[in-house]
Amino acid sequence: MSKPDTVRFRYNQAILVAAIIAFVGALPLANASVYLLPVLLVPLAVAIWAWRAGTDADARELRIRALVGQRRIGWDQVLELATDQRGRAVTRLDDGRQVTLPAVRGTDLPRLVEATGQPLPDAPADAPGQ
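Everything numeric in this text was worked out from a predicted model, so none of it was measured.

1. Quick notes on helix H1 (residues 14-32)
Piece 1. Given a rise of 1.5 Å per residue, 19 residues ought to cover 27 Å, and the 28 Å separating the end C-alpha atoms of H1 matches this to within 8%.
Piece 2. Most pronounced at alanine 26, the bend in H1 amounts to some 35 degrees, and the proline proline 28 follows within four residues.
Piece 3. When H1 is considered as a whole, its buried residues turn out to be Ala19, Ala26 and Ala30.
Piece 4. Buried residues in H1 make contact with helix H2 (41-52).

2. Thoughts on the sheet that holds strand S7 (residues 98-105)
Piece 1. Read from one edge to the other, the open sheet built from three strands follows the order S5-S6-S7, with strand pairing classed as antiparallel. The sheet is open, and its two edges are formed by strand S5 (78-83) and S7, each paired on a single side. Pairwise comparison of adjacent strand axes, ignoring direction, gives a mean angle of 25 degrees for this sheet.

3. A short note on the layout of surface pockets
Piece 1. Size it by volume and the largest pocket reaches roughly 210 Å³.
Piece 2. Every residue lining the largest pocket is counted, 15 residues in all, and those nearest its centre are Tyr11, Pro102, Ala103, Val104 and Arg105.
Piece 3. The leading source of residues in the lining of the largest pocket is S7, at six residues.

4. Remarks on the pattern of salt bridges
Piece 1. Within this structure, the stated rule accounts for eleven salt bridges.
Piece 2. Between arginine 60 and aspartate 58 there is a salt bridge, with the nearest N and O atoms lying 3.4 Å from each other.
Piece 3. Residue classification places arginine 60 among the exposed residues on the basis of a relative accessible area of 54%.
Piece 4. Residue glutamate 61 is joined to arginine 63 by a salt bridge in which the shortest nitrogen-to-oxygen separation is 3.2 Å. Comparing glutamate 61 with arginine 63 shows no difference in burial state: the two are buried.

The rules behind the values
- Residues numbered from 1 in each chain as written.
- Predicted model: local features only at pLDDT ≥ 70, side-chain atom pairs only at ≥ 80, totals over all residues.
- Heavy atoms only, no water.
- Helix = DSSP H or I, 4+ residues; strand = E, 2+ residues; numbered from the N terminus.
- Expected span 1.5 Å × (residues − 1).
- Bend = angle between axes of the 7 residues up to and from the residue.
- Buried < 20%, exposed > 50% of the residue type's maximum accessible area, 1.4 Å probe, protein only.
- Contact = heavy atoms within 4.5 Å.
- Pairing = 2+ DSSP bridges.
- Axes fitted to C-alpha atoms, helices over the stretch in contact; angles between N-to-C directions.
- 1 Å grid on protein atoms, 1.4 Å probe; cavity = no way out; pocket = protein on both sides within 12 Å on 5 of 7 lines; lining within 4 Å.
- Points joined across faces, edges and corners; volume = space filled by probe spheres on them.
- Salt bridge = Lys/Arg side-chain N within 4 Å of Asp/Glu carboxyl O.

Note that every value here comes from positions in space, so none of it alone points to a role or purpose.
Set out below in structure tokens:
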């Protein structure tokens, strides 16, 4: 049995690098006093989030991953894929809820649709006079 093709969308890995630099920068502060040790948890949490958070899509479902946990949404629950005012991809579900897809931009929607295994509709031709 072959593994289904999965398309992965992740945030820019520069966030991970910045979190590592922030962790190193927080070390002297954490060493100054024991009660400041929890300061190290903030860049650590950001690093884990940057490494893990995003959206995975295959022919069966969408997987929305966060710092802890994940949410699975079957394609049969998805009514519409669209973009919001900020250019982020959102999906409208059959129960009326709207879910923002982490790390997916509006320009990534064709790749997301391709992951379903469904053919993409042909792009409409420009109308004459435009």
